[in-house]
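Commentary on secondary and tertiary structure
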Amino acid sequence: MATTLKPSSLHPRDLGRTATVGLRTRKLRTALSALGIMIGIAAMVGVLGLSESSKSELLSQLDRLGTNLLTVEAGTGIGLGSGELPEEAAGMIAQIGPVETTTVVSAVAEAKVYRTDYIPEGQTGGISVQAVDLSLLETLAGSVEDGQWLDAATGAYPTTVLGSVAADRLGITEVTGTEQVWLGEQWFMVIGVLEEFELAPDLDRAAMVGLEAAGEYLDDDGVPTRILVRVDPDQVDAVMAVMAATANPENPEEVEVARPTDALEAKEAADDALTALFLGLGAVALLVGGVGIANVMVISVLERRSEIGLRRALGATKRHVASQFLGEALLLSGIGGVGGVLLGVAVTTGYAAIKGWNALIPPVAIVGGIGAALVIGAIAGLYPAIRAARMSPTDALRTAG
Amino acid sequence: MKAEPVLSLHNVTKEYPTTPVVRALQGVSFEVNSGELVAVVGPSGSGKSTLLHIMGTLDRPTSGEVTVAGHRISQLSDKDMSSLRAHHIGFVFQQFHLLSGYTALDNVADGLLYTGLPLGERRHLAEEALRRVGMGHRLDHVATKLSGGERQRVATARALIGNPSIVLADEPTGNLDTKSSDAIVELIEELNESGTTIVVITHNREIAEAFPRSVGLRDGRIEYDTSWSEVA
Ligand SMILES: Nc1ncnc2c1ncn2[C@@H]1O[C@H](COP(=O)(O)OP(=O)(O)OP(=O)(O)O)[C@@H](O)[C@H]1O
Ligand SMILES: [Mg+2]
């Protein structure tokens, strides 16, 4: 009369319930063992988020500044000539087809700047005097913090615009129209203070005067020490290739041609190395977290022998028992993963807010973070789950409790 | 024509492969028919729990054949044995084995957990089962808040909930005081009267003698079976 046997089965929702029994009854242990995974995932999400945010920040910075600026300088140092470019260099460079604008900067080496006329000679505060084309501000995508930039009129008179550091060192915090500085043995009116230059940080330490005024009052010869060149963005490399020979056909090796935005990108590349390091640390935290979960699960299986025995008596198959404990490990690591992603997102958002960036968290970091947590949970839970399943029901039931 | 028994053991032996080998059961044969209430009685170490585990398909005999609800377990896989337990066998243990964080209702509902029945239906049946054992007023009590006697009632309700072919109880009164113990014995008799087939394992001769049939076990062999004399 052997009727066919209806198989044991566990409703999926009940699998979920049984997998949470241990977690609900041991809340502190659950929290602590999820913490390791949480820290690891948070580190990884945070690092990926920050590096993505700073990359996007760099892109928008480059977009704003333009990557088509080249600087042409006379090499300085032993055997590299006078530090000046040939007088006609700017004109020659302007002849190159893809060159859009040229801006001449001529260092007035003899001139020094002081707050007043009775400060000793030597105390220049490291501020240089630069005679510049009026197009400089636009070419460098700089901006005025206070006052105004030089124009055709003020550029011909003894007026100066200070770089941000120079203004700071001279103690000029705002421009009211009455500030003067002792520049090249005479008074120059300060008409503006600039924000920091992202493309030419050395000019932050300069007092800038118009080329015309420099010729008139400072006896400057107007020979360029540096030429800033904006070129057709698609032709940057081609222009770079011919730049030195054009600027100084006789001694092209004395000319240094650079692209200032390269420095910004190089800094970002250095950050990439740091990102890799932090990712590595995050991975170690994850590994430790995984070992922690495995450990907690092994203990849990031992403590719950009688529960395992009972479940087998109620008709649970080995597979049901294994999935209960595997599910518990996955839940633990999943909690850690979700917590870690939230923490990582919070850290990224907070840091980006401080830096004034747009917080950008790559979706792959979120999906990958939770995915990685689950994979670790599965690996960590596998052995304890198999152990629970292999436990003999009779031995398990003989345990007191 | 005689009805097929719910449970039959034929020449069952069980050896534990320890050194030296323990022969916990040495050729045990007996049958339990539907509706019977049987006590298996014997001193400590006589093999009672081993026998219960084998009757309950929690373990396989070393030799011999066990048939439960028409299924010969030598022909069943481990998975099939689980199915048999889920659908046909109810257990009551000396240590109750209730899940401490759960209410009485949910502990009883777990009796059908591995039949795949949804929770709502299980809870409904659990309430009925709890009323049957006189625990209708304690549905939402957490297991740890119940007295020993109450816990054993809850455990009994869990064994009954699916109307199993047979209920196996291992020392159900072993952890109870005399009063609760008497009440549980009374409950078992009541349940049997309403049709449930029950085998109770005990070392208490008094309890055994009160039951319609008792099987005496000693050193892994059946010493007596009160049903023999009836036949003779
Ligand atoms: N897993 C095991 N491995 C080895 N020996 C075992 C195992 N389980 C039980 N035994 C032995 O088998 C014999 C029968 O044990 P069993 O638990 O069935 O006795 P019992 O009649 O239930 O005793 P008690 O009344 O004390 O519960 C005992 O000698 C016991 O030591
Ligand atoms: Mg026993």
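Going along each chain's sequence as written, the residues are numbered from 1 onward. Each chain is given a letter, starting from A, and each ligand a number, starting from 1, according to the order in which they appear as written. Totals for whole chains, interfaces and linings use every residue, but because this is a predicted model, local features are given only for residues with pLDDT of at least 70 and side-chain atom pairs only at 80 or more, for both listing and counting. Side-chain numbers here rest on the full set of heavy atoms in the structure, without hydrogens or water.

**Re the interface of chain B and chain A**
Here, two residues are considered to be in contact whenever any of their heavy atoms come within 4.5 Å of each other. With 41 residues of chain B at the interface, the matching set in chain A holds 37 residues. Counting each side, the surface lost to burial between chain B and chain A is near 3200 Å², with a carbon and sulfur contribution of 58%. Among the residues of chain B in contact with chain A, His97, Tyr102 and Tyr114 of chain B are the three that bury the most area, contributing 23% of the side total. We define a salt bridge as a contact between a side-chain nitrogen of Lys or Arg and a carboxyl oxygen of Asp or Glu at a distance within 4 Å. Connecting chain B to chain A are two salt bridges. We define a polar contact as two N or O atoms separated by no more than 3.5 Å, with the added condition that, inside protein, one atom must be a possible hydrogen donor and the other a possible acceptor, whereas residues neighbouring each other in sequence contribute only through side-chain atom pairs. Our count for the chain B to chain A interface comes out at 13 residue pairs in polar contact (both at pLDDT 80 or more). Taken together, the elements giving at least two residues each to the side of chain B that touches chain A come down to helix H1 (48-55), helix H2 (78-88) and helix H4 (119-132) of chain B. The term buried area refers to how much accessible surface (probe radius 1.4 Å) is lost by two components on association, counted for both of them together. Helix and strand definitions here come from DSSP, where helices need a minimum of 4 consecutive H or I residues and strands a minimum of 2 consecutive E residues; each element is numbered from the N-terminal end.

**Comments concerning the sheet that holds strand S7 (residues 166-170) of chain B**
Residue and element names in this part refer to chain B. Strands pair, by our definition, only if DSSP identifies at least two bridges between them. Reading across the sheet, the six strands line up as S6-S7-S8-S3-S9-S10 and stay open at both edges, with mixed pairing between neighbours. Taken across any chain shown, the strands that pair with only one partner, and hence form the sheet edges, are strand S6 (89-92) and strand S10 (221-225). Strand-to-strand twist in this sheet, taken as the mean axis angle between neighbours without regard to direction, amounts to 20 degrees. Each axis is a line fitted through C-alpha atoms, and for a helix only the stretch in contact is used; angles between axes span 0 to 180 degrees, taken between their N-to-C directions. Strand contacts of H2: S6 and S7, with the helix running at about 75 degrees to S6, the strand carrying the most contacts.

**Notes on the side chain of Thr156 of chain B**
All names here are of chain B. Assignment of secondary structure puts Thr156 in helix H5 (residues 148-160). For the exposure calls, accessible area comes from a 1.4 Å probe over protein chains only, and a residue counts as buried if that area is under 20% of its type's maximum, exposed if over 50%, partly exposed in between. For Thr156, a relative accessible area of 7% translates into the label buried. In terms of polar contacts, Thr156 uses its side chain to reach the backbone carbonyl oxygen of Gln152, at 2.6 Å.

**Examining the site of ligand 1**
Close to ligand 1 lie 15 residues; Arg398 of chain A together with Ser44, Lys48, Ser49 and Thr50 of chain B are nearest. Consider each residue's heavy atoms; a residue with any of them within 4 Å of a molecule or strand counts as near. This site is not confined to one chain, since residues near ligand 1 come from chains A and B. Within the backbone of Ser46 of chain B, one N or O atom sits 3.3 Å away from an oxygen atom of ligand 1. Only the protein chains shown count as covering a residue, and every accessible area follows the Shrake-Rupley method with a 1.4 Å probe. Bound to the protein, ligand 1 loses 68% of the 630 Å² it would expose on its own. Cavities and pockets were defined on a 1 Å grid built from protein atoms only: a cavity is a group of points that admits a 1.4 Å probe but offers it no way out, a pocket is an open group of points flanked by protein on both sides within 12 Å along at least five of seven lines, and a lining residue is one with an atom within 4 Å of any such point. Each molecule is checked against the cavity or pocket grid, and it sits inside if more than half of its atoms lie within 2 Å of the grid points. With respect to the pocket detection grid, ligand 1 is positioned in the second largest pocket. For the shell around ligand 1, the secondary-structure elements that each account for two or more residues are helix H12 (393-398) of chain A together with strand S2 (22-32) and H1 of chain B. Among the elements that make up the shell around ligand 1, the one with the highest residue count is H1 of chain B (three residues). For this classification, Asp, Glu, Lys and Arg are treated as charged, while Ala, Val, Leu, Ile, Met, Phe, Trp, Tyr, Cys and Pro are nonpolar and the rest, including Gly, are polar. Residue composition of the shell around ligand 1, by class: four nonpolar, seven polar and four charged.

**Looking at a nonpolar patch on the surface**
Residues and elements named next belong to chain A. Nonpolar side chains (Val, Leu, Ile, Met, Phe, Trp, Tyr) are joined into patches within 5 Å and like charges within 9 Å, using only residues with over 30% relative accessible area and no salt bridge. Taken together, the side chains of Leu28, Leu32, Leu35 and Ile39 present a nonpolar region at the surface, about 410 Å² in accessible area. Among the structural elements, Ile39 can be located in helix H2 (residues 27-65). Using a relative accessible area of 47% as the deciding quantity, one classes Ile39 as partly exposed.

**Observations regarding the domain arrangement of chain A**
Start and end points for every domain follow an automatic or database-based domain assignment. Segmentation of chain A into domains returns domain 1 (12-62 + 265-398) and domain 2 (68-260). The C-alpha centroid of domain 2 of chain A is placed 56 Å from the C-alpha centroid of domain 1 of chain A.

**With respect to the layout of surface pockets**
Residues and elements named next belong to chain A. Quantified by volume, the largest pocket comes out at close to 630 Å³. Taken together, 21 residues line the largest pocket, and the ones lying closest to its centre are Ser54, Asp271, Tyr351, Lys355 and Trp357. Secondary-structure elements contributing two or more residues to the lining of the largest pocket are H2, helix H8 (260-303) and helix H10 (318-355). Top contributing element to the lining of the largest pocket by residue count: H2, with ten residues. Its boundaries defined by the atoms lining it, the second largest pocket holds a volume of some 460 Å³. Grid points are joined across faces, edges and corners, and a volume is the space filled by probe spheres set on the points.

**Overview of unusual backbone geometry**
Generally, phi is negative for residues other than glycine and the peptide bonds are trans, each holding for most cases. Residue and element names in this part refer to chain B. The omega torsion of the bond from Thr19 to Pro20 falls at -5 degrees, within 30 degrees of zero and hence cis. Unlike most non-glycine residues, Asn11 shows phi in positive territory, near 55 degrees. Inspection of the secondary structure assignment puts Asn11 in strand S1 (residues 7-16). Asn11 gets classed as partly exposed once you look at its relative accessible area, which sits at 45%. Unlike most non-glycine residues, Ala69 shows phi in positive territory, near 50 degrees.

**Describing the nonpolar core**
Residues and elements named next belong to chain B. Buried residues of nine kinds, namely Ala, Val, Leu, Ile, Met, Phe, Trp, Tyr and Cys, make up a nonpolar core once their side-chain atoms join them within 4.5 Å. Leu9, Phe30, Leu51 and Met55 are the most contacted members of the largest nonpolar core, which has 71 residues in total. Ignoring any residue separated from it by four or fewer positions in sequence, one finds Phe30 in contact with Leu7, Ser8, Leu9, Val40, Leu51, Met55, Arg213, Val215, Ile222 and Asp225. Of all hydrophobic cores here, the second largest spans 38 residues; its members include Leu112, Val133, Val167 and Ile184.

**Focus: the packing of aromatic side chains**
All names here are of chain A. In this analysis, rings of Phe, Tyr and Trp, with Trp reduced to its six-membered ring, are considered paired at centre separations within 6.5 Å, and the interplanar angle assigns stacked below 30 degrees, edge-to-face beyond 60, and tilted for intermediate values. In total, this model carries four aromatic pairs over all chains according to the counting rule given. Between Trp182 and Trp187 the ring centres are 5.1 Å apart and the planes differ by 65 degrees, which places this aromatic pair in the edge-to-face class. In this structure Trp187 comes out as partly exposed when scored by relative accessible area, which is 34%. Centre to centre, the rings of Tyr351 and Trp357 are 6.1 Å apart; their planes meet at 80 degrees, and the pair counts as edge-to-face.

**Quick look at the pattern of salt bridges**
Two side chains carrying opposite charge are able to pair once their charged atoms lie near each other. The tally for this structure, following the rule as stated, stands at 19 salt bridges over all chains. A salt bridge links Arg26 of chain A to Glu303 of chain A; the nearest nitrogen and oxygen atoms lie 3.3 Å apart. Placement of Arg26 of chain A in the loop between helix H1 (12-25) and H2 and of Glu303 of chain A in helix H8 is noted, with a sequence separation of 277 residues between them. Ionic pairing is found between Glu36 of chain B and Arg213 of chain B, a salt bridge with its closest N-O pair at 3.0 Å. In this pair, Glu36 of chain B sits in the loop between S2 and strand S3 (37-41) while Arg213 of chain B sits in strand S9 (residues 213-218), placing the two residues 177 residues apart along the sequence. The pair formed by Glu36 of chain B and Arg213 of chain B is uniform in burial state, with each residue classed as buried. Salt bridges linked by common partners bring Arg304, Glu307, Arg311 and Glu328 of chain A together as one network.

**A few points about the environment of Leu302 of chain A**
For Leu302 of chain A, the position within the fold is in helix H8. On a C-alpha basis, the gap between Leu302 of chain A and Ala388 of chain A in space is 8.2 Å, while along the polypeptide they are 86 residues apart.

**Describing the confidence of the model for chain B**
Per-residue confidence from the predictor is reported as pLDDT, a score between 0 and 100. Across chain B, the average pLDDT comes to 93, with 97% of residues at or above 70. Predicted as a complex, the structure gets a pTM of 0.79 and an ipTM equal to 0.95.

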